[in-house]
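Chains, contacts and geometry: an overview
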Amino acid sequence: QVQLVESGGGLVQAGGSLRLSCAASGSIFSIDAMGWYRQAPGKQRELVARIIGGGSPNYADSVKGRFTISRDNAKNTVYLHMNSLKPEDTAIYYCKADLRYSSMSYPRAYWGQGTQVTVSS
């Protein structure tokens, strides 16, 4: 059984900062990728940022230069540092991990429960 537990959401004024954390636990052999997605009311879920293996992070154009994703492999944890927040960043933020539970298994996607980020103008 695998769990992704997110924390760090909340209410912040425009221009402020927040840091989200997501820790994966359970039967984990390896994690291929970790990332953050968000879903605003009435909109589809979209990629915010992700790290695949040891490669460079990918960011949505709307957050480049403001958000930074980082990963602590020893703790199976991914972080999202959000600066210069805008009202349009308001959404539920979801953590996603593509992981394997054994050396012979294919990667499987797991999602966190989501954490609300609200940016007031």
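Rules behind the numbers
Residues numbered from 1 in each chain as written. Predicted model: local features only at pLDDT ≥ 70, side-chain atom pairs only at ≥ 80, totals over all residues. Heavy atoms only, no water. Phe/Tyr/Trp six-rings, centres within 6.5 Å; stacked < 30°, edge-to-face > 60°. Helix = DSSP H or I, 4+ residues; strand = E, 2+ residues; numbered from the N terminus. Buried < 20%, exposed > 50% of the residue type's maximum accessible area, 1.4 Å probe, protein only. Lys NZ or Arg CZ within 6 Å of the ring centre and 35° of its normal. Core = buried A, V, L, I, M, F, W, Y, C linked by side-chain atoms within 4.5 Å. Contact = heavy atoms within 4.5 Å.

Some points on the packing of aromatic side chains
Under the defined criterion, the tally for this structure stands at one aromatic pair. Arranged with centres 5.1 Å apart and planes meeting at 65°, the rings of Tyr37 and Trp111 form a pair that is edge-to-face. Of this pair, Tyr37 sits in strand β4 (residues 30–39) while Trp111 sits in strand β10 (residues 108–111), placing them 74 residues apart in sequence. Residue classification places Tyr37 among the buried residues on the basis of a relative accessible area of 14%. The ring of Tyr94 has Arg45 lying over it, and the distance from NZ or CZ to the ring centre is 3.7 Å. The positively charged end of Arg45 is found above the aromatic ring belonging to Trp111, 4.6 Å away from the centroid.

Quick look at the nonpolar core
Counting residues in each nonpolar core, the largest one holds 30 residues, and the members touching the most others are Trp36, Val48, Phe67, Leu80, Met82 and Tyr93. Every element with two or more residues in this core is listed here: β1 (2–7), β3 (18–26), β4, β5 (46–52), β7 (67–72), β8 (77–82), β9 (91–100) and β11 (115–120). With five residues, the single largest contributor to this core is β9.

Structural notes on unusual backbone geometry
Trans is the common state for peptide bonds, and a negative phi is the common state for residues other than glycine. Although it is not a glycine, Asn76 adopts a positive phi angle of roughly 50°. Here Asn76 falls in the partly exposed class, since its relative accessible area comes to 23%. Its identity is not glycine, yet Ser84 carries a phi of approximately 50°, on the positive side. Looking at where Ser84 falls in the secondary structure, it is placed in the loop between β8 and β9.

Describing the environment of Ser30
In this structure, Ser30 sits in strand β4. Residue class for Ser30 comes out partly exposed when judged on its relative accessible area of 24%. In the structure, Ser30 is positioned 73 residues away from Ser103 in sequence and 8.1 Å away in space, judged by C-alpha atoms. In contact with Ser30, other than residues within four places in its own chain, are Leu99 and Arg100.

Comments concerning the side chain of Arg66
Structurally, Arg66 is set in the loop between β6 (58–59) and β7. Every residue in contact with Arg66, bar those within four places of it in the chain, is listed here: His81, Met82, Asn83, Ser84, Leu85, Lys86 and Asp89.

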